[in-house]
Amino acid sequence: MIGALAKALSRSRLHALLLLLPSLLASAPAAAFDLLLPGRGRILSATLTQSLIGEYHTDNDPVEGNPAEKYFDIKNRTDLVLLHGTTSFNLRFDATGFIGTNDGSRHQDRFALEKVSLSTVQRAFDLAAGDFYVQVGRLALDMTRIDQLASDTTLRGGILRLRSRYVDGLLFGGWVNPLEMDDFAEIPMRIPSDVIGGARLEVRPLPSLRVGLQYVGAGLEANAGVPRDATHILGGSLELPNLARRISLYTEFDYMSRAKGTDIISGYGTYFGGSGNFGPLSVLLEFKLYREFYLGNDLLGKYPGQNDTNIYGYIRPPTLMRKKAEVLNNKNVMGPRLKLDLRLPSLGTLLFASYGRFNEPGEAFYDATSTHIDDVYGGFQQPLPGGALDVSGGWRRDVRDDQGTKITAYSQIFVEGEASFQIVAGQTLEAEVHYRKTEKGAIEYSDFFIGLGYRPSRYFSGGVQYEWSNEAKLPEQNPEGYGVRNHFGAVRATVNFTPSSYARLLGGTTRGGMRCLDGFCREFPAFVGVKLEVVVQL
């Protein structure tokens, strides 16, 4: 083992130097700096952020059917921001190297310029070239970053935003640019050559009336050497933001025509949301109707040999469910949701409850083969000295009618809570607890998580966590019959040098599995080993 590691270290010496050099340079005492340019009041500000992550893996989750590996990896991320007045230049460069991986391992060294952009903000317009995020309406397009799920997909091209008193305009186009290296699976991603462009016009003839018209066009790469599949979305929105100073209404409809090979699929998306504030009571009523409404590339998969059909989704229409719900189908579904919030000013307490009733069609909505979904959850939030208490729980059940027999396709009961409070001046105690019981067809499993943290000062925090799960892989996902890990435990510690610079250490095991946020879901790998993360902003 020592000889193999030494040989690997020798082969990777240059890569390790390239990875560590930016962080070694950044470790010298420095601060964000300004450069005075020729001319009156012309200042160039520069901010450099270095993120260095070193990990030692003792197990590569053999449950997935991959051979176990023991290896080191080093990931370095460089973020540079140059600001001159209202004009900025942004750059992100990532470097990842591995030491001690098996021959033929899927983990490969990678050096990539991930993001680069030049933008300016003026009184009447914004203009950017390079990588940018964009959202069109609430349904037509959503290419924004999801930090919690390590999803950072931009368009690389150009975008122009126009502003005036009564009219706003948006015009954009570019190539899809996800991260080349998956931050969690540490496997080079297979990048689709998808092209997306569009425009939106919003008119405000009255302070309480906004009318929008939008178009999004996309060319999706089905396979290398095959012509792109074309998708067209045309729609509009109507918003009444302040009726009687209590009620806000929003509705949007988008028609979609999507090519898939030689087939043309037509679909549409409709959303309505109305909210009202009546003293301590807030009411939110929403309705969704999506029929074959999906824009994304699910043909390439996430990386060679793997399947992750949601990783290249380019729209995230409202799910009307809780943020962390596992949404199995949000492209063919309809139904309403009612949510009530009640504030108790004397206690500072917020009570909330939500009920949604949805239907996924078989041959048609609400026919004998459709699936009925009931989604109920509620809870409360309570301020505590130096912190807060947040408790929620709920129940969901998907029932399908199979020739007169009711079959539970999916069900889940969950309870979760988070609490933080000040025990003495400057010292905080934190706790987090989750429990879920899930049934997917004939498979039933439970998982439980508890984490405890202690923050004795603003410079240091630490904690422990434990998780248990009896979820097992399906036979086709575990053909070799590998054993399944049920218990996971880890310790963590963080040292904060400044508000934007820190060092974080985690050692132990963390559970993989499906994680979701606002309808976007992805599979996370399990981790066994030690992880050190250092972030320095200059």
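Treat the numbers as computed from the prediction; the structure is a model and nothing was measured. (Residues numbered from 1 in each chain as written. Predicted model: local features only at pLDDT ≥ 70, side-chain atom pairs only at ≥ 80, totals over all residues. Heavy atoms only, no water.)

Participant: Before we move on, could you go through the side chain of Asn297 and cite the residues and values that matter?
Facilitator: Along the chain, Asn297 falls in the loop between strand 16 (281-291) and strand 17 (333-344). Since its relative accessible area comes to 3%, Asn297 is described here as buried. Engagement of the side chain of Asn297 in a polar contact is seen with the backbone oxygen of Glu221, the distance being 2.8 Å. Once you skip the residues sitting within four places of it in the chain, Asn297 turns out to touch Pro192, Asp194, Leu220, Glu221, Tyr312 and Tyr314. (Helix = DSSP H or I, 4+ residues; strand = E, 2+ residues; numbered from the N terminus. Buried < 20%, exposed > 50% of the residue type's maximum accessible area, 1.4 Å probe, protein only. Polar contact = N/O pair within 3.5 Å; in protein donor to acceptor, adjacent residues only side chain to side chain. Contact = heavy atoms within 4.5 Å.)

Participant: Go over the state of the cysteines, please, and point to the residues and values.
Facilitator: If you walk through the whole model with that rule in mind, you get 1 disulfide. Each sulfur of the disulfide joining Cys516 and Cys521 lies 2.1 Å from the other. On the S-S bond that ties Cys516 to Cys521, the torsion sits near 115°, and the link is right-handed. An identical accessibility class is assigned to Cys516 and Cys521; each is buried. (Disulfide = S-S within 2.5 Å.)

Participant: Please give an account of the environment of Thr270 that cites residues and values.
Facilitator: With respect to the helices and strands, the residue Thr270 is situated in strand 15 (residues 263-278). Taking the C-alpha atoms as reference points, Thr270 and Phe287, 17 residues apart in sequence, are found 8.1 Å from one another. What Thr270 contacts, discounting residues up to four positions off in sequence, is Leu139, Glu252, Phe253, Phe287, Lys288, Leu289 and Tyr290.

Participant: Account for the packing of aromatic side chains, with residues named and values stated.
Facilitator: The final tally for this structure, using the stated rule, is 5 aromatic pairs. Taking 6.4 Å as the distance between ring centres and 50° as the angle between the ring planes, the aromatic pair formed by Tyr250 and Tyr271 counts as tilted. In this pair, Tyr250 is assigned in strand 14 (residues 247-260) and Tyr271 in strand 15, connecting sequence segments 21 residues apart. The two residues Tyr250 and Tyr271 agree in class, both being buried. Sitting above the plane of the Tyr250 ring, Arg138 keeps its charged end 3.9 Å from the centroid. Lying over the aromatic face of Phe414, Arg322 brings its terminal NZ or CZ to 3.6 Å of the ring centre. (Phe/Tyr/Trp six-rings, centres within 6.5 Å; stacked < 30°, edge-to-face > 60°. Lys NZ or Arg CZ within 6 Å of the ring centre and 35° of its normal.)

Participant: Tell me about the pattern of salt bridges, residues and numbers included.
Facilitator: One pass over the full model with this rule turns up 27 salt bridges. The partner of Lys339 in a salt bridge is Asp341, with the nearest N and O atoms 2.8 Å apart. Across the pair Glu467 and Arg511 runs a salt bridge, and its minimum N-O distance is 3.4 Å. Of this pair, Glu467 sits in strand 24 (residues 460-469) while Arg511 is found in the loop between strand 26 (501-510) and strand 27 (513-517), placing the two residues 44 residues apart along the sequence. Of the two residues, Glu467 and Arg511, neither departs from the other in class, the shared state being buried. When salt bridges that share partners are traced, they join Asp168, Arg200, Glu202 and Arg204 into one network. (Salt bridge = Lys/Arg side-chain N within 4 Å of Asp/Glu carboxyl O.)

Participant: Outline unusual backbone geometry, listing residues and values.
Facilitator: With a phi angle near 65°, Leu320 is a residue other than glycine that sits in the positive phi range. One non-glycine residue, Asp518, lies in positive phi territory at about 55°. Mapped onto the elements of the fold, Asp518 is located in the loop between strand 27 and strand 28 (520-524). Note on Asp518: relative accessible area 29%, which makes it partly exposed.

Nothing here speaks to function; it is all geometry.
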